[in-house]
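Single-letter residue listing:
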Amino acid sequence: MINKLFPSVCIVLMLIQFSNTCAQSTDLVRVEYLRIPENESGIQTSRYKFLLNAPIKVNEENYLIIGGEYNQFDVDFSQQLPFDKSELQKLHIIDLNLGYITKWNDNWRFIGILTPRLASNFTEGAMTDDFFFNATATLWKEKKDVEKPFRIVLGLTYNSTTGLPIPLPLISYYKRFHPKWSYTLGIPKMNFKYHPSSNHTLQLALLLDGYFINIQDDILLPDNTLGSRISLSALIGVIGYQYNITKMMSLYVLGGRSLIQEGILRNDRRDRTLLLNDEANFYLRTGFKISIF
């Protein structure tokens, strides 16, 4: 039963990042390093990610899921800025995922996920403004023992960082249309994969990445506006390689370039106060993961 239910949790943990714009994969364990080198705006970023998800069986048809993720961003500015850059050089995101899975009917399972989040530079410990809240509800269906396996997820997600007071739709569709070829359509990631053997996977992917983080000490700008939040949004095209140590355990590397990228200082109403970065840039991500699929 765990093999039937747990992939659905991992799918939702991935799709919940649609509104976070910080894409997460279908993992039990992940240790990852991201590098965005310096571009013409004079900004370079490193990210360290640590993730763990685990199921707790309630009965034959229902599971609770408890998971957590930590991201640390190290940001370097070579450009001159009209404020103290030290406020923005080390940023943190801490997520707690609380999930529940139940059988909806013979074809569909229902998954609900709550994700409280702390996102801050933590210069003065944790504060009320560092807290954000996300929630997702989805229906999941999968056919594995067929000639062309597929998986579909349909649902809604609410994210307190988007500024939209309504749930947003979620759709993800995966299909293995040939023994060596598969694709995924959806948000936060679309990909097209080639599987030459059980140990090797190549892919082309289009994905969203980024963050939205509270700045505890408001930054006073020359026009007398305040920077209270920092956000990064990026649409990225990548080529990837994955070495499958076992069916669930793998090493991977993704390399590509952002197609759209914006780093922005915002006020406490989330309005733009200063554009930090809108230059396309290279993107390198590598790591180790234990994943359901």
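- The name given to the protein chain in an unreviewed UniProt entry is DUF6268 family outer membrane beta-barrel protein, with Croceitalea vernalis as the source organism.

Description of the overall build of the protein chain
Phase 1: What the protein chain contains, in helices and strands, is two helices and 15 strands.
Phase 2: For the protein chain, the residues scored as buried account for 49% of the 293 residues in total.
Phase 3: Considering only contacts within the protein chain whose residues lie at least 6 apart along the sequence, 57% involve residues at least 24 apart.
Phase 4: A total accessible area of about 13,700 Å² is found for the protein chain, and carbon and sulfur atoms account for 61% of it.

Describing a nonpolar patch on the surface
Phase 1: A surface patch of nonpolar side chains, about 910 Å² in accessible area, is lined by I56, V58, L64, I66, L96, L98, Y100, L114, F131, F133 and Y158.
Phase 2: When contributions to the nonpolar patch are tallied by element, the ones reaching two or more residues are β3 (63-77), β4 (90-103) and β6 (131-143).
Phase 3: The element contributing the most residues to the nonpolar patch is β4, with three residues.
Phase 4: Within the secondary structure, I66 is located in strand β3.
Phase 5: Looking at I66, the relative accessible area reads 42%, which means it is partly exposed.

Topic: the nonpolar core
Phase 1: L88, Y211 and I230 are the most contacted members of the largest nonpolar core, which has 21 residues in total.
Phase 2: Going through the elements one at a time, β3, β4, β11 (200-220) and β12 (226-244) are the ones with two or more residues in this core.
Phase 3: Broken down by element, this core gets its largest block of residues, five residues, from β11.
Phase 4: If you look at the next biggest cluster of nonpolar residues, it comprises nine residues, including L34, A234, V238 and L254.

A short note on the packing of aromatic side chains
Phase 1: Going through the model one piece at a time under the given rule, you end up with ten aromatic pairs.
Phase 2: The interplanar angle of 40° and the centroid separation of 5.8 Å between the aromatic rings of F177 and Y183 together place this pair among those described as tilted.
Phase 3: For F177, a relative accessible area of 29% corresponds to the partly exposed category.
Phase 4: Seen from the ring of Y174, R151 lies directly overhead, with NZ or CZ sitting 4.4 Å from the centre.
Phase 5: Here the guanidinium or amino end of R257 rests over the ring plane of F282, the centre of that ring lying 4.8 Å away.

The rules behind each value
Residues numbered from 1 in each chain as written. Predicted model: local features only at pLDDT ≥ 70, side-chain atom pairs only at ≥ 80, totals over all residues. Heavy atoms only, no water. Helix = DSSP H or I, 4+ residues; strand = E, 2+ residues; numbered from the N terminus. Buried < 20%, exposed > 50% of the residue type's maximum accessible area, 1.4 Å probe, protein only. Contact = heavy atoms within 4.5 Å. Areas by Shrake-Rupley, 256 points an atom, 1.4 Å probe, with all protein chains shown as cover. Patch = residues over 30% accessible without salt bridge, like charges linked within 9 Å, V, L, I, M, F, W, Y side chains within 5 Å. Salt bridge = Lys/Arg side-chain N within 4 Å of Asp/Glu carboxyl O. Core = buried A, V, L, I, M, F, W, Y, C linked by side-chain atoms within 4.5 Å. Phe/Tyr/Trp six-rings, centres within 6.5 Å; stacked < 30°, edge-to-face > 60°. Lys NZ or Arg CZ within 6 Å of the ring centre and 35° of its normal.

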